Amino acid sequence: MITNERFNSWLTAPLPTWTVRSHRALPRIHVASATTVGVAGLRYLLIVRPLAAVAGFVFAATHGWWLAAVPLTWLVYGSALTCVHHLIHTSLGLTPRARRFWLRSIALLVVESGHALQVTHLAHHRTGDEVPDPEGYIEYVTWKQLPLAALAFRYRLMIAGFKMAPAARRRRIAVEIGGHAALHLASLALLPITIIPWAYLSLVHVASFAFAVLAGKGPQTNYGRDVRTPLVRVHTALGRLLFFSHDRHLEHHAAPKVPLPHLRHLDREMDLALRDLDVLDVRMPL
């Protein structure tokens, strides 16, 4: 197990002193009904959606409809990461074996390591300065550091996930990283025949870069500034569609096992839980 000090030494610049892990100590809310209502239907939607999006991309690209294929990449990447996110939190009621299968398979659609993300994301939800937070560091890089940090983000998570994982999970992560490399080599080898695999992977990397930028400077973060409170609550009408419900970052940390689309059902409970706390409300125009 690596230490927080050792992990921080890998960063290009030292973290500000105010980025202690205590900023993750958010209120926990237990709402049993919200974790179970509609999970079966949601399970199929979350798994089928990225598969259908990839099929749609291939169909559009094969027919030369790039104006349709390019926007589909955001649906591919966003829906795949959303599915992986629910698999990590065991929110879909799957067996452990099925969960491992889909965690690897869905993440592979966007050339990520699902089991590395499992390690780093669960660490992100833990509190205590002794636990490194490779996922959360992107919030604290400066705007000048952000372009390179966003490009390296997925690879930092792969490496950190591998180093932090127990031995059994390391083997899974190594296989997934090998699959990442193999898919890129295959796309280059196929270039004389078709541009589609190379174009798909290139667009996935663009989507990964955009996701890292949103993770670091999006409305759910503190924009890299020392705001008065770590409790940032986003209010947006279109966030559920544009950000796949990831805009409810505070609510998710408060109730991590509740499926993201169901977090809106917790608004009353969140209002009560946050009533006496210092909350920064970010209200988006849409």
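Residues numbered from 1 in each chain as written. Predicted model: local features only at pLDDT ≥ 70, side-chain atom pairs only at ≥ 80, totals over all residues. Heavy atoms only, no water.

(A) Local environment of the packing of aromatic side chains. Inspection of the entire model under this criterion finds 6 aromatic pairs. On the numbers, 6.2 Å between centres and 75° between planes, the contact of phenylalanine 57 with tryptophan 66 is edge-to-face. For tryptophan 66, a relative accessible area of 31% gives the class partly exposed. Pairwise contacts between aromatic rings join Phe57, Trp66 and Tyr200 into one cluster. Sitting over the ring of phenylalanine 162, arginine 170 keeps its end group 5.3 Å from the ring centre. Over the face of the ring belonging to tryptophan 143 we find lysine 217, whose NZ or CZ atom lies 5.3 Å from the ring centre. (Phe/Tyr/Trp six-rings, centres within 6.5 Å; stacked < 30°, edge-to-face > 60°. Buried < 20%, exposed > 50% of the residue type's maximum accessible area, 1.4 Å probe, protein only. Lys NZ or Arg CZ within 6 Å of the ring centre and 35° of its normal.)

(B) Layout of the pattern of salt bridges. This model, assessed by the stated rule, comprises 7 salt bridges. Between arginine 233 and glutamate 251 there is a salt bridge, with the nearest N and O atoms lying 3.2 Å from each other. Taken together, the residues span a long stretch of sequence, with arginine 233 in strand β1 (residues 231–235) and glutamate 251 in helix α11 (residues 249–254) at a distance of 18 residues. Measuring nitrogen to oxygen at the nearest pair gives 2.8 Å for the salt bridge that ties aspartate 267 to arginine 248. With aspartate 267 in helix α12 (residues 267–273) and arginine 248 in the loop between α10 (239–242) and α11, this pair connects stretches of sequence that are 19 residues apart. The class of aspartate 267 is partly exposed, set by a relative accessible area of 26%. Look at the salt bridges and you will find they share partners, linking Arg233, Arg248, Glu251, Asp267 and Asp271 into a network. (Salt bridge = Lys/Arg side-chain N within 4 Å of Asp/Glu carboxyl O. Helix = DSSP H or I, 4+ residues; strand = E, 2+ residues; numbered from the N terminus.)

(C) Representation of the nonpolar core within the structure. With 41 residues, the main nonpolar core has Phe57, Val84, Ile138 and Tyr200 as its most contacted residues. Contributions of two or more residues to this core are made by α3 (39–62), α4 (66–88), α5 (96–109), α7 (146–164) and α9 (196–217). For this core, the element with the most residues is α4, which contributes 9 residues. Setting aside its immediate chain neighbours within four residues, valine 84 contacts Leu103, Ile106, Ala107 and Leu117. Counting residues in hydrophobic clusters, the runner-up holds 11 residues, among them Val258, Leu263, Met270 and Val279. (Core = buried A, V, L, I, M, F, W, Y, C linked by side-chain atoms within 4.5 Å. Contact = heavy atoms within 4.5 Å.)

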